[in-house]
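What follows is each chain in one-letter form.
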Amino acid sequence: MSRLRSVRGGAAALVLLGGGVCAAAVGILSLKSSEWRVGPQEDGSYLVSSNQTVAPVGAIRQTDGARPKDLAVSPDGETVAVLTHNGVIFYRASDGTERGSKVPLTAGPLGVTWSPDGKSVYAAMSKGQIARIVPTDSVGDSWKLESEITINTVGADGEPDVAAGLAGRGARQQDPQTAGLAVSPDGRRLYAALGIRNAVAVLDLPSGRVSRVVPVGVAPYSLALSPDGKTLCVADRGGRAAKETEPSAPSAGTSVRVDPATDAAKSGSLSFIDTASFGVTTVEGGRQPAGMVFTPDGKTLYAASSDDDTVLAVDVTAHRITRVLPLRPREDGGFFGQIPTSVALTPNSKTLYVACGGANAVAVIDTKSAQVTGYIPTGWFPVAVAERNGTLFVASSKGWGSRAKRQTKGGGSAYGANSPIGLVQFVSSDARKNSADLTKQVAKSNRWDIAGVDARARKGVKPVPVPERVGEPSVFKHVVYIIKENHTYDSMFGDMPEGNGDKNLCLFGEEVTPNHHALAREFVLMDNTYTSGTNSADGHQWTSSGIANGYIEQNYAAHARSYPYDGGDPLAYSPKGFLWTAAVRAGKSVRVYGEFVNKPRIADRTTGKSGSWTELWQDYKNGMKRFEITSGTDNAALRPYLHPHYIGFPNTVSDQWRADQFLQDVEAWEKTGKMPDLSIMLLPNDHTMGTRPGTPTPRASVADNDLALGRIVERLTKSPFWKEMLILVIEDDSQLGLDHVDGHRTVALCISPYTRRGTVIHDTYNHTSFLRTMGRVLGFAPMTRFDRTATPLTACFQEQANLQTYTARPNKIPLDEMNPPATALKGEARRLAEASARLDWSDVDRADASVVSRAVWSAQRPGQPFPTAHYTPAEEEDEDEEE
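As a starting point, this report considers the structure included with it. Bear in mind that the values here come from a model prediction, so they are computed numbers and not experimental data.

Before going further, it helps to spend a moment on the nonpolar core. Within the largest apolar cluster, 148 residues are counted, with the highest numbers of intra-cluster contacts made by Y481, M526, F662, I727 and M774. Considering each element in turn, this core owes the most residues, 9 residues, to helix 9 (residues 698-717). In contact with F662, other than residues within four places in its own chain, are V480, Y593, W669, S679, M681, I712 and L716. The next biggest cluster of nonpolar side chains, apart from the first, holds 21 residues, and it includes V311, V343, A370 and V442.

In structure tokens, the structure reads:
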């Protein structure tokens with residue numbers, strides 16, 4: 001019989017899911033907490049892994065396996081074109097029925113628009129291309145990609161170097177990142193924002209050539225054209241370029257002004273282009289402007305400021321901001337996180353609709369009073385909104401969540417983090433007439449106005465593991481926060497009968513991860529904890545700042561500008577900063593190991609070369625005499641707290657070396673009697689390198705990670721700091737494996753003297769639960785609306801301390817077990833090894849996740865078919881061109 005007790009939650013505020021999820025429990029404790037599972041609820045809503053429920057209204061259409069990015073309504077109002085990350089879908093505006101099959105393409109971050117005659121749709125693609133899509137019948141019930149315009153690189157003077165026409169694909173070169181699009185009223189010009197080139201390309205549509213390139217601000221994304229076509233407005237997410245004397249950081253090669261306290265981009269701008277003279281007037285203001293709309297008379301522009309939670313009203317003639325419309329509800333504490341992404345206006349200009357990605361709602365604003373009058377529920381992260389003839393059209397990027405279900409060999413369910421079901425809503429005036437009820441639903445779904453969440457600290461309160469209020473005492477003085485890479489719960493703990501696991505999806509069970517299993521058994525097994533993000537780019541934002549902003553969400557599957565898992569792009573950062581900035585503001589000491597090290601350096605002391613995994617492993621065993629490893633970051637606010645040698649990626653470095661760096665600091669702290677209040681550590685080698693020949697096997701990589709974790713925990717439990725220490729462990733995302741509950745369900749550990757020993761915790765937690773727990777323990781305020789409303793890990797703790805130490809388990813898998821050469825393999829294993837060898841392993845997640853996931857599955861379960869095709873296959877042309 002299992003040694004683990006099962007802890008169940010009490011009455012749920014939303015919908016309580018019954019069912020015994022612990023088949024081998026020996027006892028049940030009742031606690032006042034919640035244990036929902038991510039996914040569909042009994043009332044028809046969906047719980048998503050950001051700790052929100054979604055209950056969209058109107059006619060709802062799913063985009064299985066596709067995340068919407070933008071939408072546009074045809075000039076006659078009859079058809080809606082929705083750009084998703086892998087194609088364009090057409091719907092009948094009147095009832096939402098699909099018009100023909102999806103036109104496949106690889107999309108940019110956003111950008112879809114119609115020609116004035118309604119006979120063509122233009123969509124922004126990756127690699128500097130723009131698709132021209134046309135109907136193949138007279139009624140618009142069938143569509144095809146007719147041609148592609150390729151925008152090649154442009155010179156420093158802003159003039160085109162080369163202009164490719166409609167016919168050719170063009171040579172591979174730097175991706176200028178096509179984004180927002182607009183077509184002139186006469187249908188002769190197409191305007192395209194070039195996010196990386198900080199410019200707008202003007203294309204002559206009859207010839208299909210670039211006629212002009214107009215320099216604007218940093219990172220232009222959205223475009224809006226005035227009704228008369230005389231003024232084009234560009235939303236520059238990064239604002240004007242930084243001067244040499246201003247605090248700045250690079251973003252795709254451009255210096256962006258930053259807030260020195262947080263490293264986040266400081267201010268955006270709006271560039272107004274005169275389409276006759278191409279003169280540019282800049283209006284500075286707002287953080288990261290996004291969607292925009294002109295009033296019908298062209299005199300006023302409304303622009304969403306996504307990192308300010310506001311909408312700007314701009315006088316187009318005077319080029320000045322006249323009003324700032326706030327979007328943070330008082331009931332939500334006034335914290336950052338509404339994230340307005342897109343705006344739409346009624347023909348009489350009296351009502352403004354604002355898609356709020358962070359609130360999963362459309363805010364309804366009375367433009368005269370500049371007040372929000374209500375909310376309309378949407379899917380998860382609405383990214384685009386339009387209005388026509390009284391109907392609202394809303395596209396939600398993450399929709400129901402990663403819920404595209406596949407069947408396993410045994411008939412069970414399997415979900416992956418990269419298997420989204422996006423949503424498109426068709427909301428008639430009747431569907432939204434009961435504004436009060438809809439607003440209440442949005443408040444409930446977002447957990448607004450939680451009783452006591454912002455209450456002031458009380459005096460004379462007894463120390464507890466997780467204080468009820470910020471500023472009240474905790475039994476813990478030191479927090480060690482360990483961030484790992486990419487595993488679902490089932491991929492590691494699916495073999496544990498004590499929890500809600502599926503052994504058929506377990507890839508790295510107890511033989512590979514004896515320490516993870518032992519820690520889960522000796523402390524708590526958390527079988528209902530989720531990652532808030534999807535991949536490393538947004539996952540590390542969630543783990544370190546409690547939010548992924550609009551820029552990050554818009555760039556899903558279109559990371560041409562950056563893939564900021566390790567920093568390196570101030571546009572990706574929350575304006576409220578990170579864990580380290582929050583802790584420092586509260587007067588706490590901080591040490592960071594590897595997180596947001598975007599400038600790691602591994603160099604042979606003689607040749608300067610970086611070395612292979614084998615070379616570095618041999619040098620590690622010899623005392624690191626050959627290679628020198630140093631860390632660096634573009635994040636100036638982080639540098640004072642960064643360990644000078646500890647790096648995150650690349651994973652050519654063993655996690656044993658990383659563990660050694662940390663444990664050397666533990667030795668030093670013991671001598672001084674002082675340990676940082678907060679230690680943040682990236683421990684990444686469970687990411688694996690697939691079956692790439694000449695690198696460790698997937699199970700050896702995971703075993704390396706497991707042993708390092710065990711060694712770190714053992715040493716900490718045997719230190720004098722243990723009695724006042726909390727160790728929290730979680731993955732940044734869960735994209736490598738599959739899970740029978742949800743693709744976001746992940747591996748998490750809560751280790752401390754006050755942790756309930758030998759207990760299964762079924763309570764629902766996510767990344768922000770970990771951040772809120774740290775904030776309560778160390779006494780710093782929430783950073784965003786998400787960690788403000790998060791459920792802390794209270795159910796994991798007990799009142800009495802148990803100071804029993806932990807003994808690390810030795811690895812059972814050799815850490816230098818290497819992937820064989822492809823020539824030694826046959827069939828599918830050989831094909832995947834060859835595909836792994838072709839991938840870009842120079843940095844995290846540049847390698848195609850579909851190949852890595854299948855290669856790992858093949859290595860761990862040879863001969864068994866991969867249970868689901870939940871990843872988007874790589875373009876064949878890419879592989880051909882790279883070979």
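This part is about the pairing of strand 12 (residues 121-125). Counting buried positions along strand 12 yields 5 of 5 residues, so the element is predominantly enclosed. The two faces of strand 12 match: V121, A123 and M125 on one face and Y122 and A124 on the other face are all buried. Looking at chain direction, strand 11 (residues 107-114) and strand 12 are connected through 4 bridges and run antiparallel. Considered in strand 12, the bridge of V112 is made with A123.

Following the criterion strictly, the structure yields 36 salt bridges and no others. Put simply, R785 and D332 hold a salt bridge, and the shortest N to O gap is 2.6 Å. Here the residue R785 occupies a position in helix 11 (residues 785-788), and D332 occupies one in the loop between strand 28 (320-326) and strand 29 (340-345), the gap between them amounting to 453 residues. Residue D332 is classed as buried on the basis of its relative accessible area of 0%. In this structure, D660 engages R711 in a salt bridge whose closest nitrogen and oxygen atoms are separated by 2.6 Å. Note that D660 is positioned in helix 8 (residues 655-672) and R711 in helix 9, a separation of 51 residues in sequence. One connected set of salt bridges, linked through shared partners, spans R240, E246, R257 and E284.

The subject of this paragraph is the packing of aromatic side chains. All chains considered together, the criterion is met by 25 aromatic pairs. Geometrically, the ring pair formed by F578 and F596 is edge-to-face, given 5.0 Å between the ring centres and 65° between the ring planes. With F578 in the loop between helix 5 (550-554) and helix 6 (579-585) and F596 in the loop between strand 41 (590-594) and strand 42 (601-604), the pair connects residues that are 18 residues apart, well separated along the chain. By the burial criterion, F578 is buried, and F596 matches it. Taking 5.5 Å as the distance between ring centres and 75° as the angle between the ring planes, the aromatic pair formed by Y593 and Y646 counts as edge-to-face. A residue pair is termed long-range when its members are at least 10 positions apart, and Y593 in strand 41 and Y646 in strand 44 (residues 642-647) qualify at 53 residues. Taken as a pair, Y593 and Y646 share a single burial class, namely buried.

On to helix 7 (residues 613-621), then. What helix 7 keeps buried is the set W613, L616, W617, D619 and Y620. In an axial view of helix 7, the angular spread of the buried residues amounts to 165°, which keeps them on one side of the axis. In this fold, the buried residues of helix 7 make contact with strand 42, strand 43 (627-630), helix 8 and helix 9. Two residues or fewer after helix 7 comes G623, characterised by a positive phi angle close to 95°.

Attention now moves to the side chain of D634. Summarising the element assignment, D634 is placed in the loop between strand 43 and strand 44. Reaching out from D634, the side chain makes a polar contact with the side chain of K599 at a distance of 2.9 Å. For D634, the residues in contact, after removing those within four places along its chain, are A249, P250, G568, N598, K599 and R639.

Right, let's talk about the sheet that holds strand 27 (residues 310-315) for a bit. What the 4 strands build is an open sheet, ordered 25-26-27-28; its pairing is antiparallel. Since the sheet does not close on itself, it has two edges, and those belong to strand 25 (289-294) and strand 28, each with one partner. Here the average twist between neighbouring strands, direction ignored, is 25°. Pairing geometry for strand 25 and strand 26 (residues 300-305), over 4 bridges, is antiparallel. What sits directly across from F294, in strand 26, is L301.

Here the focus is the environment of L707. Mapped onto the elements of the fold, L707 is located in helix 9. You can call L707 buried: its relative accessible area is 13%. In this structure the C-alpha to C-alpha distance between L707 and H516, which are 191 residues apart in sequence, comes to 8.9 Å. Excluding anything up to four places from it in sequence, L707 contacts N515, Q656, R809, P810, N811 and L815.

Attention now moves to the packing of helix 3 (residues 514-522) against helix 9. At a minimum axis separation of 7 Å, helix 3 and helix 9 run at an interaxial angle of 45°. Taken together, the axes of helix 3 and helix 9 are oblique relative to one another. Contacts between helix 3 and helix 9 involve P514, N515, H516 and L519 from the former and N705, D706, L707, L709, G710 and V713 from the latter.

A few words now on the sheet that holds strand 32 (residues 371-377). Here we have 4 strands laid out as an open sheet, ordered 29-30-31-32, and antiparallel in their pairing. The open sheet is flanked by strand 29 and strand 32, the only strands paired with a single partner. Direction aside, the axes of adjacent strands within the sheet are offset by 25° on average. Here 6 bridges tie strand 31 (residues 361-366) to strand 32, and the two strands are oriented antiparallel to one another. Across the sheet, the residue bridging to I365 is V372, located in strand 32. The sheet strands contacting helix 1 (residues 435-446) are strand 31 and strand 32, and the helix crosses strand 32 at an angle near 75°.

A word on unusual backbone geometry. A cis amide bond links F649 to the next residue, P650, at an omega of 5°. Inspection of the secondary structure puts P650 in the loop between strand 44 and helix 8. The phi angle at A252 is positive, at roughly 55°, despite the residue not being glycine. Mapping A252 onto the fold places it in the loop between strand 21 (248-251) and strand 22 (254-257). We classify A252 as partly exposed; its relative accessible area is 31%. One non-glycine residue, A557, lies in the positive phi region at around 60°. Among the secondary structure elements, A557 is positioned in the loop between helix 5 and helix 6. Overall, the relative accessible area of 40% leaves A557 in the partly exposed class.

Rules and cut-offs
- Residues numbered from 1 in each chain as written.
- Predicted model: local features only at pLDDT ≥ 70, side-chain atom pairs only at ≥ 80, totals over all residues.
- Heavy atoms only, no water.
- Core = buried A, V, L, I, M, F, W, Y, C linked by side-chain atoms within 4.5 Å.
- Buried < 20%, exposed > 50% of the residue type's maximum accessible area, 1.4 Å probe, protein only.
- Helix = DSSP H or I, 4+ residues; strand = E, 2+ residues; numbered from the N terminus.
- Contact = heavy atoms within 4.5 Å.
- Pairing = 2+ DSSP bridges.
- Salt bridge = Lys/Arg side-chain N within 4 Å of Asp/Glu carboxyl O.
- Phe/Tyr/Trp six-rings, centres within 6.5 Å; stacked < 30°, edge-to-face > 60°.
- Arc of directions from axis to C-beta.
- Polar contact = N/O pair within 3.5 Å; in protein donor to acceptor, adjacent residues only side chain to side chain.
- Axes fitted to C-alpha atoms, helices over the stretch in contact; angles between N-to-C directions.
- Parallel < 35°, antiparallel > 145°, perpendicular 65-115°, else oblique.

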